[in-house]
Amino acid sequence: MVNSTGASPPYDTLLVRGSLIDGTGHSAYGADIAIKGDRIAAIGELRGARAAEEIDVQGKCLAPGFIDTHTHDDQACMSAATMEPKISQGVTTVVVGNCGVSLAPLDHPSEVPEPINLLGELKDFSYRDFSSYFDAVDAARPGTNVVALVGHSSLRVAAMPDLGRPATQGELDSMMNMLDEAMRAGAGGLSTGVFYPPGRAADSGEVIPLVRKAGEHGGIYATRMRNEHDAVLDSMREAFEAAREGGAPLLISHHKCAGARNRGRSRETLALVDSVRETQDVSLDLYPYDAGSSVLDLDLLEDGMRVLITWSIPHPSASGKYLHDIAREWGCSEREAGRALKPAGACYFFISEEDVRRIIQHPAAMIGSDGLPMDRHPHPRLWGTFPRVIRRYAMEHGLFSVEEAIRKMTSLPAHRFGLHDRGVLAVGNYADLVIFDPVTVADRATYENPTEAAQGIDHVFVNGCLSWSEMQGLPTGYGRLLRRGTIESG
């Protein structure tokens, strides 16, 4: 649009008559939003203002783009750069490198052990350091913004020929150097997955110096704890100690109390979190489902527990089937079937809905999908996590307001990861926006049909550009790699 004098309109996009949920937890209010370039240029009564494009969003909610605090999109943000599972549910920023698993530094990724193989087929993705990984992400132009953590298990694979023991001083020095390079390149912090075999042998003498190095650069420490089952409290104490001694903020990844014996123990775990938060900076995230998903681990099997196979290398046709059905079909025990299926992935139905509801209400709880985009039959959380929180836990169960649900997905994680100009609708902030219909918004992905896109997500803007329209699909990706320390420079 150009006026008679030849002057360009002052705004690129004008969103009018919306109900603004600004991300702070405050009540929604009616207003218009103007976008200029990659920023929010104005908020208020703007009808009559000139813009290249005007979208009437009457009856819809405008919120900051959702921030997925826990993903394994390390490869997907390049090989499936449109990021459709995320952008279609309103996610504009993903945090990769979780559970101790990151795509860098991995020089020979075809040889990596479980669970690094959860990132997918890696033979074409080899990165000696984070600088080269970051360059590749920049070049891929992903559909969402990307924040990257450094995986402790990946550091171990790069530095140690034998993962079954603690690191020697020389090996620790090598890991420290690689971590220092990554943090200087702009990584957001360190993650560990000491539950998994590649990191299991690491002791506090190995982990704490690495946490300290991340903390020196202003990074966070995110951990998939050593045990989320019977020893969950001891594992939490180990994580608190590492963060305290390392001087870094702690993020407990996908917090849960897993297994039949631990139903209801979130009362204990959250009480411990509250106690420690009096002296330490501690937060947590979770996914809003009663099943987890990872590699198939026979040690996690319990009598009567449902296990859904998500992929299997030797038996691809098993994808999407339950382990008990496979065992019955093969005429063997579930453990025998499991051994035959490996290497494989699985969903484990070992979480109490009571605990999910209690944890998600905690004021320090953020939302992370923990989806595995390279799974043949993924967990439905990959496509449905964020609309599910709004529809199921805010609107249907009334555990908190929609405004509080949005806070958990926007300003809270933005603060946690140092995204100072994102996560809140404010003039001057980056225009990461989601427009959703409060009447229809809902997740549609199920365990049977896990790749169904959510409904009610009308439009998504990333860095001021329309990146998703429910009616039009996916245009070119407008996401950016958000480097810690230079995050606001874009």
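Peer 1: Hey, could you run me through the nonpolar core in this one?
Peer 2: Side chains of a nonpolar character, in soluble globular proteins, are inclined to be buried together. The biggest cluster of nonpolar side chains holds 121 residues, and the ones touching the most others in it are F130, Y133 and F436. Broken down by element, the residue count for this core peaks at eight residues, all from helix α5 (residues 169-185). Ignoring any residue separated from it by four or fewer positions in sequence, one finds F130 in contact with S102, A104, P105, A148, L149, V150, E181, A182, A185 and A187.

Peer 1: Explanation requested: the confidence of the model for the chain in the structure shown.
Peer 2: Detailed reading of predicted coordinates is not advised where the pLDDT is low. Of all residues in the chain, 97% have pLDDT values of 70 or greater, and the mean over the chain is 95. The low-confidence segment residues 1-6 (pLDDT under 50) makes six contacts with residues lying over four places distant or belonging to another chain.

Peer 1: Can you help me understand the sheet that holds strand β13 (residues 282-286) in this one?
Peer 2: Spatial strand order, β9-β10-β11-β12-β13-β17: six strands in an open sheet with parallel pairing. A strand with exactly one partner marks an edge of an open sheet, and here the two such strands are β9 (150-151) and β17 (365-367). By the bridge criterion, three bridges tie strand β11 (residues 220-224) to strand β12 (residues 250-252) in an arrangement that is parallel. Within β12, the position partnered with T223 by the bridge is I252.

Peer 1: I'm lost on the environment of D12 in this one. Help?
Peer 2: For D12, the location among the structural elements is in strand β1 (residues 11-20). Each C-alpha atom of the pair D12 and G464 lies 8.6 Å from the other, and the pair is 452 residues apart in sequence. When near neighbours in sequence (up to four residues on either side) are disregarded, D12 contacts I35, K36, G37, A51, A52 and E53. From its side chain, D12 meets the backbone nitrogen of G37 in a polar contact 2.6 Å long.

Peer 1: Would you explain the pattern of salt bridges in this entry?
Peer 2: Between side chains of opposite charge, pairing is possible as soon as their charged atoms come close. All told, the structure shown has 39 salt bridges when counted by the stated rule. A salt bridge links D107 to R128, with the nearest nitrogen and oxygen atoms 3.2 Å apart. With D107 in the loop between β7 (91-96) and α3 (130-140) and R128 in the loop between β7 and α3, this residue pair connects regions lying 21 residues apart in the sequence. Measuring nitrogen to oxygen at the nearest pair gives 2.8 Å for the salt bridge that ties E404 to R407. Of this pair, E404 and R407 both sit in helix α14 (residues 402-409), three residues apart, roughly one helical turn. Across the pair, R407 and E404 agree in class, each one buried.

Peer 1: What is the right way to look at the packing of helix α9 (residues 266-276) against helix α12 (residues 353-360) in this model?
Peer 2: Each pair of packed helices can be described by the angle between their axes along with the distance between the axes. Here α9 crosses α12 at 20 degrees, and the two axes come no closer than 10 Å. Between α9 and α12, the interaxial angle falls into the category roughly parallel. You can see that α9 and α12 cross each other, and the crossing is right-handed. Every residue of α12 that contacts α9 at S266, R267 and L270 is listed here: E354, D355, R358 and I359. Classifying every residue of the contact of α9 with α12 gives two nonpolar, one polar and four charged.

Peer 1: How should I be thinking about α12 in this particular structure?
Peer 2: Note that an α-helix has 3.6 residues per turn; residues three or four places apart therefore point the same way. Where α12 is concerned, the buried positions are E353, D355, V356, I359 and I360. Projection of α12 onto a plane perpendicular to its axis shows the buried side chains occupying an angular sector of 160 degrees, all on one side. Close packing links the buried residues of α12 with α9, β13, β17, α13 (381-396) and α14. One side-chain oxygen at the N-terminal end of α12 lies 3.1 Å from the backbone nitrogen of E354; it belongs to S352.

Peer 1: Can you walk me through the sheet that holds strand β15 (residues 307-312) in this structure?
Peer 2: In any sheet, the strands associate via hydrogen bonds between backbone groups, in a parallel or an antiparallel arrangement. Read from one edge to the other, the open sheet built from three strands follows the order β14-β16-β15, with strand pairing classed as antiparallel. Each edge of the open sheet carries a strand with a single partner, namely β14 (292-295) and β15. Adjacent strand axes in the sheet meet at a mean angle of 20 degrees, parallel and antiparallel pairs treated alike. Bridging between β15 and strand β16 (residues 344-348) involves five bridges; their strand directions are antiparallel.

Cut-offs applied
- Residues numbered from 1 in each chain as written.
- Predicted model: local features only at pLDDT ≥ 70, side-chain atom pairs only at ≥ 80, totals over all residues.
- Heavy atoms only, no water.
- Core = buried A, V, L, I, M, F, W, Y, C linked by side-chain atoms within 4.5 Å.
- Buried < 20%, exposed > 50% of the residue type's maximum accessible area, 1.4 Å probe, protein only.
- Helix = DSSP H or I, 4+ residues; strand = E, 2+ residues; numbered from the N terminus.
- Contact = heavy atoms within 4.5 Å.
- pLDDT = per-residue confidence, 0-100.
- Pairing = 2+ DSSP bridges.
- Polar contact = N/O pair within 3.5 Å; in protein donor to acceptor, adjacent residues only side chain to side chain.
- Salt bridge = Lys/Arg side-chain N within 4 Å of Asp/Glu carboxyl O.
- Axes fitted to C-alpha atoms, helices over the stretch in contact; angles between N-to-C directions.
- Parallel < 35°, antiparallel > 145°, perpendicular 65-115°, else oblique.
- Left-handed = near helix turned anticlockwise from the far one by under 90°.
- Nonpolar A, V, L, I, M, F, W, Y, C, P; charged D, E, K, R; others polar.
- Arc of directions from axis to C-beta.

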